[in-house]
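Remarks on the overall topology
The primary structure of each chain is shown beneath.
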Amino acid sequence: MITAPDPVSSLLSRPFTSDEATSLGLDYRTLLRENVARVSRGLYVPGDGEPSVRDRLRAHLAVSADAWASHRSAAAVQGLWLPESSSDHSLLHLSRPMDAPRVRRTGVVGHRVRVEDGEVEVLQDGLRVSSPSRTWLDLAHELGPASLVALGDQLIRSPRPEFEGREYPFATKGELVELLKAHPNMRGIVKARAALQSMRVGADSVPETLLRLSLLAYHFPEPELQIRLRPFDPLSPSGDLGYRVIQVVLQYDGAHHLSEEQRLRDLRRDAAFRSAGWVVVIVTADDLRNDFARARAELRALWAKRAA
């Protein structure tokens, strides 16, 4: 015999509204005793503690069928980098088409936007969200120039399938050019165009982008990214960025370089460069916090010495 599902248990397994709860005989006091959390007026999600950004979005989108997560909220659920100044998710960002009213609800910043095909997508868990490219464009008016380039570099870099489960970049520079052409009057469009000119394929992390931008700001030449010791050998050791003309490679060692396996790979890479006559400059998070001043000073001294 198949037992029909308990309607209350079914309700408490997903985001729901107070009206839905009332229809099943659950009043506010009863809800407070259940394993639920309030995310907005009349809107609840199951679970103890503070709901995640994803859970809060799922609840709001369940009662706003034509809306989608955008701006900071889209970046959060897509795993896109944001600077600390834009990492507050206490307010959710939801967008709707221009012919619909803004979402007006406690805890939500509503937007009315014009979108083209492909600029809104559905994630595997069913969450509606702006595409990574559109998210980048939506954030153009908010982010500073360097942060906008860093986020853009994340979009166009070539992923590593074994680590990220995808073979293609989120976007190409050509696709971003077309995106900007389709939205010539958006807020931040001038900043987005300037950022696109500064974006480069090959930065595997945000600190690598920020290091490159710091070098350019202090009048160093454009560095080669993912620079190979042997240019035409795909198995050659490579560093994050460098200058072949003076045989200097800069390597940013982030948190993942602390593992023993990665440390040994780094040692072998550095030894290969050094045995070939290159200088390896190790750059760390401490340098990042100081705008890479030490690394720039070391590189400037090496340039004067080795280019002479």
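Let me sum up the structure you'll find in this document. (Residues numbered from 1 in each chain as written. Predicted model: local features only at pLDDT ≥ 70, side-chain atom pairs only at ≥ 80, totals over all residues. Heavy atoms only, no water.)

A look at the overall build of the protein chain
Looking only at helices and strands, the protein chain features 14 helices and 12 strands. Looking at the protein chain as a whole, 45% of its 308 residues qualify as buried. A separation threshold of at least 6 residues defines the contact pool for the protein chain, and within that pool the share at least 24 residues apart is 53%. Counting 41 positive and 40 negative side-chain charges, the protein chain places the centres of these two groups 5 Å from one another. (Helix = DSSP H or I, 4+ residues; strand = E, 2+ residues; numbered from the N terminus. Buried < 20%, exposed > 50% of the residue type's maximum accessible area, 1.4 Å probe, protein only. Contact = heavy atoms within 4.5 Å. Lys, Arg positive; Asp, Glu negative; His and termini not counted. Charge placed at Lys NZ, Arg CZ, Asp CG, Glu CD.)

A short note on the packing of helix α9 (residues 173-182) against helix α10 (residues 189-198)
In the contact formed by α9 and α10, the axes pass within 11 Å of each other and the chain directions differ by 165°. The pairing of α9 with α10 is recorded here as roughly antiparallel in orientation. Considering only the axes of α9 and α10, their crossing is left-handed. Judged by residue contacts, K173, L176, V177 and L180 of α9 engage I189, A192, R193, L196 and Q197 from α10. Of the residues belonging to the contact of α9 with α10, the class tally is six nonpolar, one polar and two charged. (Axes fitted to C-alpha atoms, helices over the stretch in contact; angles between N-to-C directions. Parallel < 35°, antiparallel > 145°, perpendicular 65-115°, else oblique. Left-handed = near helix turned anticlockwise from the far one by under 90°. Nonpolar A, V, L, I, M, F, W, Y, C, P; charged D, E, K, R; others polar.)

Considering the packing of helix α4 (residues 53-62) against helix α5 (residues 71-78)
A packed helix pair is summarised by two numbers, namely the angle formed by the two axes and the spacing between the axes. Between α4 and α5, the shortest axis-to-axis distance is 10 Å and the interhelical angle comes to 125°. Classified by the angle between their axes, α4 and α5 sit oblique to one another. The interaxial crossing formed by α4 with α5 has left-handed handedness. Note on element contacts: α5 touches α4 through S73, A76 and V77, opposite V53, R54 and L57. Partitioning the contact of α4 with α5 into residue classes produces four nonpolar, one polar and one charged.

Focus on the nonpolar core
Ranked by size, the top nonpolar core spans 24 residues in total, and within it W136, L137, L176, L180 and M199 carry the most contacts. For this core, the secondary-structure elements that each account for two or more residues are α6 (132-138), α7 (145-156), α9 and α10. The element contributing the most residues to this core is α7, with five residues. Among all residues touching M199, those that are not within four sequence positions of it are W136, V149, G152, D153, I156, K173, L176 and R212. (Core = buried A, V, L, I, M, F, W, Y, C linked by side-chain atoms within 4.5 Å.)

Here's the deal with the sheet that holds strand β12 (residues 279-283)
Ordered in space as β9-β10-β11-β12, the four strands form an open sheet in which the pairing is mixed. The sheet is open, and its two edges are formed by β9 (224-228) and β12, each paired on a single side. Strand-to-strand twist of the sheet, defined as the mean angle between neighbouring strand axes without regard to direction, takes the value 45°. In this structure, strand β10 (residues 238-243) lies alongside strand β11 (residues 248-252), joined through three bridges in antiparallel fashion. Bridging from a neighbouring strand, Y243 pairs with V248 of β11. Against the sheet, helix α12 (residues 260-275) engages β9, β10, β11 and β12, with an angle of about 145° to β12. With respect to the sheet, helix α14 (residues 293-306) is in contact with β10, β11 and β12, its orientation differing from that of β12 by roughly 170°. (Pairing = 2+ DSSP bridges.)

Overview of α12
Here α12 spans 22 Å end to end across 16 residues, near enough to the 22 Å set by a 1.5 Å rise per residue. Within α12, the full set of buried residues consists of Q262, D266, R269, D270 and F273. What you see down the axis of α12 is that its buried residues fit within an arc of 95°, all on one side. Exposed residues lying more than 90 degrees from the buried face of α12 are E261, R268 and S275. Where α12 is buried, its residues contact β9, β10, β11 and β12. One or two residues past the end of α12 sits G277, with phi positive at roughly 95°. (Expected span 1.5 Å × (residues − 1). Arc of directions from axis to C-beta.)

Section: the sheet that holds strand β1 (residues 16-17)
With antiparallel pairing, three strands are arranged side by side in an open sheet as β1-β3-β2. In this open sheet, the two edge strands, each paired with only one partner strand, are β1 and β2 (36-40). Across four bridges, the pairing between β2 and strand β3 (residues 43-46) is antiparallel. Each residue of the ladder has a partner; that of A37, found in β3, is V45.

In short, the description is geometric, and any link to function would need to be established separately.
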